[in-house]
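Chain by chain, the residues:
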Amino acid sequence: MQFNELNLSQELLDAVDELGYQEMTEIQQQSIPLLLEGSDVVGLSNTGTGKTAAFGIPAVESITEADRKRVAVLILCPTREPAMQAADEMRKYAKFKKCVRICAVFGGASMEKQIHELKRGANIVIGTPGRVLDHIRRRTLKLDNLRCLILDEADEMLNMGFREDIESVLAESPEERQTVLFSATMPPEILAITKKYQNNPVKVKIKSAQKTVESIQQFYFEVPMGRKTDALKLLLAAYSPSSAMIFCNTKAMVDQLTEELIKSGFRAAGIHGDMKQVQRTQVMNGFKSKTTEILVATDVAARGIDVNDIDAVFNYDLPQDNEYYIHRIGRTGRAGKKGAAYTIISGRRQLYDLRTIEKFIRAEINQLPLPDKDEITAMKMESIIKEIAGAESVHQAYMILDRLAALGIDSREASARLISCKIKEATENLPEFKIPVPLKRGRRKDCKTVRVDINIGRNKRIAPNFIIGALTDATGMSGRDFGKIDIYDTHTTVEVPEAESEYIIDSTNPMRINGHKVEVKLLKEDNIREIKAQKPAFDRRKSAYGNRKKQDVFSDYIPNRKKRTKKRH
Ligand code: ADP
Ligand code: MG
C-alpha cells in the first residue's frame, strides 16, 4: 500500500514524496489508518521498520491552525538520541504544514533554551520522561489541551526504569486522549501499562525477524571461560573492521572491555546509560566520523543509535533476550550492504542458548575457528607489503637514509629495521591464544595431575557418576579425562590433568550437581588436611594416570553401569 492511498492532506503527501517514501512499511500500513481514526494502538515491530513515521505522520496530520499555542501531541522517548532523531524526522513530515511546531526536550541540554522554544508555541513535544516531567512541574509545559500521548520504544523506557515518570506524565494528561504505544518487544510491564492507561487498544504486531537478518552472515566462536577478551582482540585484529559494535550486557562490562581494548591499542569507546549526555554525544560523534572504530555498548544505549555502515557486530555477551539478538545484529548489513555478526561463547550453557537463538531467528549461526596469532601476523605482513608498495617517498626520507649510512646502517638494514617496527606495532598487543584443551579421548599416559575440590559430598548423597556427569557436561571433556574421585562428607576431590586444570575450573563455575550449586577450586595443601579429616566414602579407585593398570575407567566408579549393560545384551 502506498502513502498516496491514505487519506492524507496534500502537505503531508508532498513531504512524504520529498523523503522518497512510496510504499509503506508493514507497521505503517497497519497502524497509520487506526491512528488517523483516533484509536489507541499498541504497535510491536523490530527496530528499523519505520515506527517513527507510523506515529509521526498521523501526529503531524492531526495538528490544525487551532493548535497554534497549545501542546496537542506529546511523544516520550527513552533517551536524547531517539528523541532528537524523531524530532528531525517529524520536522520533515511537517515541512509544508506551517502550523506545526515541533520541540524536543531532553536532559543534559539547556533548560532555558527549551523553555524558550516551548513558549514560542510548540504543538508537538518530543522528550525524555524525566525532562518532560521537569517541564510539567515548572509549568513550562502544559498538557491541558493534549489529545495524543505516544510512548515510543516503550520497552526501553521501562528497562531504563522510567515507569514511575511515565505514569506521572500519564496522570498529568487529560483523561480524554489517544494513547499510543510503540515497542520492539512486549515485556509484561507493557501489558500492565496498556491495561491501565489505554482505551480498547488495537494490537498491531509485525513479525519480521527473518527479513532483518537476511543480509547478515552470522558466526560464532567457542572459547574457554575467561578468554573472551583475548578472543575478541584476535578477531578485531584479524578482521580489522573500520566500524564495529560490540555488545555487552552490563555497564560495568562495557567500561572494563573498553579499557582493555584501548590498552591494547584499539580505537575503542564505550557508551551506556550511566554516562553524561555530553560524553555520550562525544562518543557518538567519534563513532559516526570513524575516529573511533569500535563502539562498545549495552543494548539500551545502542537503541537510539542510527549509524548505517557498520561492518560487523560482535556479541561479547549473549543477549538476555532473543529479540535483542536481532536488534544487535540489525546494526550491520543496513542499506543494502553486507554485514557480519560474530558471537563469542564459553561453556555448554551458552552454546545451548545460542542454539535457541538460532531456532528463534530461523537462520544458521556457524562455528568458525579463532584465527591464531601466526595467521594474523602473516596477514599483517601482507598488508605492510601492500602499504609500502603503494607509498611514495619524500626527499626527507633520503636525507635520513644518508645520515643512517653515515652511522654504518645501509639502506637494506634501515628498511629492515623500519619494517620490524611496523610488524611489532601491528602484532605486539595480540594475545597468545592457545586453546588449552586438546580434548583427546582415551586415557593419557603419565600426565601430570592435580586435584580439584568440589564443595559437595556424601551429605548430599553424591555419587561419582553425578560428579563425572556434571564435569563432562560443563567442560565438554570426556569421562576418561578425569581421574580418581574421593567423596568425603562435605567435599569431593577429583584428579584432573594439570594442563587442563585452569580450563576445568573456569568452565565449572558455576556448576550444579544434582540441583546443588557447587564451587570447584584447585585443591590446596591446607585444604587437603582439612578434608582428609573426613573419611572418604569412595576411595577404591586408583589413579587414572600413569602407573595405573589397564582397566575400564568407568567400571569402578559407576558400579551399576556394568550390570545394566550386561542385562541389555
Ligand atoms: P524504527 O523506529 O522502527 O526503528 P525508524 O522510524 O527509525 O525505525 O525508520 C528506519 C529507517 O527507515 C529510517 O531511515 C526511515 O527514514 C526509513 N523509512 C521509514 N519508513 C519508510 C518508508 N515507508 N519507505 C522508505 N523508508 C522508510
Ligand atoms: Mg524508533
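Residues numbered from 1 in each chain as written. Chains lettered and ligands numbered in written order. Predicted model: local features only at pLDDT ≥ 70, side-chain atom pairs only at ≥ 80, totals over all residues. Heavy atoms only, no water.

Draft legend 1. Region of the structure containing the environment of Gly330. Assignment of secondary structure puts Gly330 in the loop between α15 (322-329) and β13 (339-345). Looking at Gly330, the relative accessible area reads 14%, which means it is buried. With 115 residues separating them in the primary sequence, Gly330 and Ser215 have C-alpha atoms 9.4 Å apart. (Helix = DSSP H or I, 4+ residues; strand = E, 2+ residues; numbered from the N terminus. Buried < 20%, exposed > 50% of the residue type's maximum accessible area, 1.4 Å probe, protein only.)

Draft legend 2. The side chain of Glu156, seen in detail. Here Glu156 lies in helix α7 (residues 154-159). On the basis of relative accessible area, Glu156 is assigned to the buried category, the value being 0%.

Draft legend 3. Up close: empty space enclosed by the protein. Going through the model one piece at a time under the given rule, you end up with two cavities of 30 Å³ or more. Of the pockets and cavities examined, the largest cavity occupies roughly 70 Å³. Taken together, Glu156, Phe247, Asp299, Ala302, Arg303, Tyr324, His327, Arg328 and Arg331 make up the lining of the largest cavity. Of all the secondary structure elements, the ones that give two or more residues to the lining of the largest cavity are α14 (299-302) and α15. Ranked by the residues each element gives to the lining of the largest cavity, the list is headed by α15, at three residues. Partitioned by chemical class, the residues of the lining of the largest cavity number three nonpolar, one polar and five charged. (1 Å grid on protein atoms, 1.4 Å probe; cavity = no way out; pocket = protein on both sides within 12 Å on 5 of 7 lines; lining within 4 Å. Points joined across faces, edges and corners; volume = space filled by probe spheres on them. Nonpolar A, V, L, I, M, F, W, Y, C, P; charged D, E, K, R; others polar.)

Draft legend 4. Examining unusual backbone geometry more closely. For Arg139, which is not a glycine, the phi torsion comes out positive at approximately 65°. Along the chain, Arg139 falls in the loop between α6 (129-137) and β5 (148-151). Positioned with a positive phi, Ser240 is a non-glycine residue whose angle comes to about 25°. Take Ser240: it is sitting in the loop between α11 (228-239) and β9 (244-247).

Draft legend 5. Focus on the packing of helix α3 (residues 51-62) against helix α4 (residues 80-93). Contact pair α3 / α4: the axes reach a minimum separation of 10 Å and the direction vectors enclose 50°. With respect to α4, the element α3 is oriented oblique. The two elements α3 and α4 meet at a crossing, and its hand is right-handed. Residues Thr52, Ala53, Phe55, Gly56, Ile57, Ala59 and Val60 of α3 lie in contact with α4, whose contacting residues are Ala86, Glu89, Met90 and Tyr93. Of the residues contributing to the contact of α3 with α4, the split by class is eight nonpolar, two polar and one charged. (Axes fitted to C-alpha atoms, helices over the stretch in contact; angles between N-to-C directions. Parallel < 35°, antiparallel > 145°, perpendicular 65-115°, else oblique. Left-handed = near helix turned anticlockwise from the far one by under 90°. Contact = heavy atoms within 4.5 Å.)

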